[in-house]
Amino acid sequence: MRIAVDAMGGDAGPAVVVPGAIEGARRFGVALTLVGATSEIDRALGGVSQEGVDLTIVDAPETIGMDEHPSLAVRRRSQSSIHLALEQVKSGNAAAMVSAGNSGAVMAAALLILGRIPGIERPAIGSVIPSATGRSLLLDLGAVTDPRPQHLVQIARMGAIAASATLGVVQPRVALLSNGSEPTKGNRLVQEVFPLLQAEQDLNFVGNIEGNDLFHGKADVIVTDGFTGNIALKTAEGTVSLITEALRAEVTRTLPRKLAALVLRPAFRSLRARMDYREVGGAPLLGVNGVAVIAHGRSDQRAIANAIGVAKHVVEAGLVQAIAEDMKKRAG
């Protein structure tokens, strides 16, 4: 399996993406295509061992910045690293692409190049989050910030399929994120979506959950609009970062605490691994006719490497095909 990586994406660019991608290709046993400015990729490869990695470089003379308007940039820059990495998937030269670049541009380019799965009106970004009982899938995280009710129904169905295919959950519990558990709670969108999800007979809809239940394992799939989902995820990441920094400061404040921290270090490391977004790596863009994984803009080498693993897992799980079959069944 070959994975195409947008080498120019992310806050740090090739200096982080390239060695991270090499690490991921080696760890997960995949071939790698780095797409970007050849001179910058070569510079980033300096001192990085490529032993055991089947590596190809595709030159991309253009780059889409993190602050650029996604659809305009995609139309104007057909030779960008995002565009050409997706072309590798479209042509069959790669099974998936990974980018830590402008997520809006990745989505716009994926819709343009790969197209939607027939029957899907809007894509969604879904990411695994830790829970008290294991893992859950939260979506949408920013693909559609102002969806219509029927869009959230499709997103819920895609989430259920993704949870079954990638998390191994049989009949995943699907919940709607709201400001109260009662069916009457929520804004207009949530109140309109609730009965539509109830009407989906083959969907295991368990009702509303509140923000404080996101990580309590009450649902396997948590559905919301992209605006709310993006804020919820980043708020959680910021909270974890604050707690980690505060805990580090407290346990190093006195000698007895430092000694206790040495004993508890394995537990701290295990907890950090469960809560760290870098361990997740990236989130697949669901609903497009191909595998595109979006990584965090501030991804470090570990996050990029793990995003490679996400891409491989999504391909092996046949997630795109499973969603397409579900849509075909519903249409027929």
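Residues numbered from 1 in each chain as written. Predicted model: local features only at pLDDT ≥ 70, side-chain atom pairs only at ≥ 80, totals over all residues. Heavy atoms only, no water.

Examining the overall build of the chain
To keep it simple, the criterion reads: Strands here mean DSSP runs of E at least two residues long; helices mean DSSP runs of H or I at least four residues long; both are numbered from the N terminus. The atom set for the radius of gyration is the C-alpha atoms, and the globule formula is 2.2 Å times the number of residues raised to the power 0.38. In this scheme, a residue with accessible area under 20% of its type's maximum is buried, one over 50% is exposed, and one in between is partly exposed, where area comes from a 1.4 Å probe on protein chains only. Should any heavy atoms of two residues lie within 4.5 Å, those residues are counted as being in contact. Here the accessible surface of atoms and residues is derived via Shrake-Rupley with a 1.4 Å probe, and residues count as covered only by protein chains that are part of the display.
Secondary structure assignment for the chain yields 12 helices and 11 strands. Here the chain has a C-alpha radius of gyration of 20 Å; the compact-globule value for 332 residues is 20 Å, and the two agree. On the principal axes, the C-alpha backbone points of the chain span a range of 65 × 60 × 35 Å. Considering the chain as a whole, with its 332 residues, one finds that 51% of them fall into the buried category. In the chain, of all internal contacts separated by at least 6 residues, the share reaching a separation of at least 24 is 69%. Element-wise, carbon and sulfur atoms account for 52% of the exposed surface of the chain, whose accessible area totals about 15300 Å².

Considerations on the packing of aromatic side chains
Two descriptors summarise a pair of aromatic rings, namely the distance from one centre to the other and the angle between the planes of the rings. Operational definition: Stacked, tilted and edge-to-face are the three classes assigned to paired rings of Phe, Tyr and Trp, where Trp is represented by its six-membered ring and a pair needs centres within 6.5 Å; plane angles under 30 degrees give stacked, over 60 edge-to-face, the rest tilted.
In total, this model carries one aromatic pair according to the counting rule given. Consider the rings of Phe194 and Phe205, whose centres lie 5.1 Å apart with planes at 75°: the pair is edge-to-face. Within this pair, whereas Phe194 is found in helix α7 (residues 188-198), its partner Phe205 is found in strand β8 (residues 205-209), the two being separated by 11 residues in sequence. Judged by relative accessible area, Phe194 falls into the buried class, the value being 6%.

Structural notes on the pattern of salt bridges
Pairs can form between side chains of opposite charge whenever their charged atoms are close. Heads up, the condition is: A pairing counts as a salt bridge when a side-chain nitrogen of Lys or Arg comes within 4 Å of a carboxyl oxygen of Asp or Glu.
The full count for this structure, using the stated rule, is eight salt bridges. As a salt-bridge pair, Arg173 and Asp220 come within 3.1 Å of each other at their nearest N and O atoms. Linking Arg173 in the loop between α6 (149-167) and β7 (174-177) with Asp220 in the loop between β8 and β9 (221-223), this pair joins segments that are 47 residues apart in sequence. Using a relative accessible area of 10% as the deciding quantity, one classes Asp220 as buried. A salt bridge links Asp213 to Lys218, with the nearest nitrogen and oxygen atoms 3.4 Å apart. Sharing partners across several salt bridges, the network here consists of Arg157, Glu200, Asp202 and Asp326.

Examining the pairing of strand β4 (residues 96-99)
Note the cut-off: Strand pairing requires that DSSP identify at least two bridges connecting the strands.
The alternating pattern of β4 places Ala96 and Val98 on one face and Met97 and Ser99 on the opposite face, and all of these are buried. In this structure, strand β1 (residues 2-6) lies alongside β4, joined through three bridges in parallel fashion. Its bridge partner being in β4, Ala4 is matched across the sheet by Met97.

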